[in-house]
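So you can see what is in the structure, the chains are spelled out below.
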Amino acid sequence: MLLFCRDGGSPLSLVIGSLCIKHPNLFGGSEKLDVSWDKGLYDSTVLVAYRRPRPEWLPQQCFVLQHSVSPEIGVHGTPVDNFSRSGSGGVNLSRLSLGVDLNEPASSNWTSTTSIKFEHVNILSDDGRSITRDMEGFPVTCSGSTHDSMVVLKQESRYAKATNDSFSRFSMQIEQGIPVLSKWLIFNKFKFVATKGLKLGPAFLVASLTGGSIVGDMAPYQAFAVGGLGSVRGYGEGAVGSGRSCLVANSELTLPLTKTLNGALFLDCGSDLGSGRLVPGNPALRQGKPGSGTGFGYGLRYKSPIGHLQIDYAMNSFKQKTVFFGISNLGL
């Protein structure tokens, strides 16, 4: 657990950190209960997961209740500084989901998860008020009200194989909105990620391709956001484009400098495939997003027992320079 609070303002709003409570034997039958809370300056997530023991040859069940609040910068955020950063667009998502995950028994290098969940998405302004339109007067939901509701059936399949000199990974997600009620969203959305890693002498090359598309009912916040760390570096979050479809290619070559420090060279490319105009309200056009872009640069990768630190110095198609910081697997 890591918690701290800065001086000034509301004490609760300035708390940053995480809290996790686990119970390994809730009712005496090896039932597991996990409760976690993650809090940032502008976002928070509460997750409750309950797992019942089942035979290994049957799908493992996990009942999940989750509530999150976060700014919707990828679609409604405003690109600034030649698209190298994204400012807040005054739109925030309050998402409540309730359902069950079924983890299928692993088969060879493949694993799969099926879930069905009810989701309720409420749109909030920066001061916490429910809104139906953005700052320019365009609807922010599919229903036209302050919220959207849907039942989503999701199937995710993952493949992973690794040797001493290479690895391959592939994942595919398919989501289907089920028309339980006439006003609930009906859509089909898919996304794939294919990654290949290969050792080249002392260096290691990693290349990946990410793509996706959505058909049917759609709210603006469901668009694929292109740009930012994990997408096209050198751009702000969603500053390349936001559309019904996307395609992003990443490549990175790392070279060892010391036992714990690697240097990296990278090249990222991404596009909304001309689908930005198909998003309700066309927020990408109103914000002047180019729809496609390229980012390249260099960085450092530091590995330690408590986590990984990533620092990237990137330049985008507009020759605007950006520094990205990333921390993962922090074991404090």
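Residues numbered from 1 in each chain as written. Predicted model: local features only at pLDDT ≥ 70, side-chain atom pairs only at ≥ 80, totals over all residues. Heavy atoms only, no water.

- Under the annotation held in an unreviewed UniProt entry, the protein chain carries the name Bacterial surface antigen (D15) domain-containing protein and is attributed to Linum tenue.
- The annotation that UniProt attaches to the protein chain under Subcellular location (unreviewed entry) is "Plastid, Chloroplast outer membrane". (UniProt positions renumbered as here; feature names shortened; annotations may be inferred.)

## Section: the pattern of salt bridges
- One pass over the structure, following the stated rule, counts 14 salt bridges.
- Arg51 is the salt-bridge partner of Asp34, the closest N and O atoms lying 2.8 Å from each other. With Asp34 in strand β3 (residues 32–39) and Arg51 in strand β4 (residues 44–51), the pair connects residues that are 17 residues apart, well separated along the chain.
- Assessed through its relative accessible area of 32%, Arg51 is described here as partly exposed.
- Between Glu252 and Arg301 there is a salt bridge, and its shortest N-O distance comes to 2.9 Å. (Salt bridge = Lys/Arg side-chain N within 4 Å of Asp/Glu carboxyl O. Helix = DSSP H or I, 4+ residues; strand = E, 2+ residues; numbered from the N terminus. Buried < 20%, exposed > 50% of the residue type's maximum accessible area, 1.4 Å probe, protein only.)

## A few points about the UniProt feature "domain: Bacterial surface antigen (D15)" (unreviewed entry) in the protein chain
- Sequence positions flagged by UniProt for "domain: Bacterial surface antigen (D15)" (unreviewed entry) are, in local numbering, residues 25–321.
- The span residues 25–321 shows a helical share of 3% and a strand share of 57%, and its end C-alpha atoms are spaced 52 Å apart.

## Concerning the nonpolar core
- Ile123, Met150 and Tyr221 are the most contacted members of the largest nonpolar core, which totals 26 residues.
- Residues contacting Ile123, with those up to four places away along its chain left out, are Val91, Asn92, Leu93, Arg129, Ser130, Ile131, Val140, Thr141, Thr146 and Tyr221. (Core = buried A, V, L, I, M, F, W, Y, C linked by side-chain atoms within 4.5 Å. Contact = heavy atoms within 4.5 Å.)

## Focus on the confidence of the model for the protein chain
- Scored by pLDDT, the protein chain comes out at a mean of 90, with 94% of its residues at no less than 70.
- Highest mean pLDDT in the protein chain belongs to strand β14 (residues 224–226) (98); lowest belongs to strand β1 (residues 2–5) (38).
- Counting interchain partners and residues more than four positions distant, the pLDDT-below-50 stretch residues 1–9 has 23 contacts. (pLDDT = per-residue confidence, 0-100.)

## Let's talk about the side chain of Gln287
- With respect to the helices and strands, the residue Gln287 is situated in the loop between α2 (283–286) and β18 (292–304).
- According to the relative accessible area criterion, Gln287 is buried, its value standing at 19%.
- Beyond its immediate sequence surroundings of up to four residues, Gln287 is in contact with Val75, His76, Gly77 and Pro79.

## What to know about the packing of aromatic side chains
- Applying the stated criterion to the full structure yields 7 aromatic pairs.
- Taken together, the ring pairs in this structure connect Phe27, Tyr50 and Phe63 into an aromatic cluster.
- Here the basic side chain of Arg233 rests over the ring of Phe266, its NZ or CZ set 3.9 Å away from the ring centre.
- Directly above the aromatic system of Phe138 lies the positively charged group of Arg286, at a separation of 4.0 Å from the ring centroid. (Phe/Tyr/Trp six-rings, centres within 6.5 Å; stacked < 30°, edge-to-face > 60°. Lys NZ or Arg CZ within 6 Å of the ring centre and 35° of its normal.)

## Focus: the pairing of strand β9 (residues 110–124)
- Bridge count between strand β8 (residues 92–103) and β9: 12 bridges; the pairing is antiparallel. Residue pairing in the sheet places Leu102 in a bridge with Thr114 of β9.
- Where β9 and strand β10 (residues 147–162) come together, 13 bridges link them in antiparallel fashion. Residue Asn122 lies in a different strand from β10, and its bridge partner there is His147. (Pairing = 2+ DSSP bridges.)

## Examining the environment of Val152
- Tracing the chain through its elements places Val152 in strand β10.
- What makes Val152 buried here is its relative accessible area of 5%.
- Once the C-alpha coordinates of Val152 and Ser115 are considered, the two residues, 37 residues apart in sequence, prove to be 8.0 Å apart.
- For Val152, the contacting residues outside a window of four places in its chain are Ser115, Ile116, Lys117, Glu119, Glu175, Gln176 and Phe187.

## Side note on a nonpolar patch on the surface
- Together, Leu265, Tyr298, Tyr313, Val323 and Phe325 line one region of the surface with nonpolar side chains, adding up to about 510 Å² of accessible area.
- Among the secondary structure elements, Tyr298 is positioned in strand β18. (Patch = residues over 30% accessible without salt bridge, like charges linked within 9 Å, V, L, I, M, F, W, Y side chains within 5 Å. Areas by Shrake-Rupley, 256 points an atom, 1.4 Å probe, with all protein chains shown as cover.)

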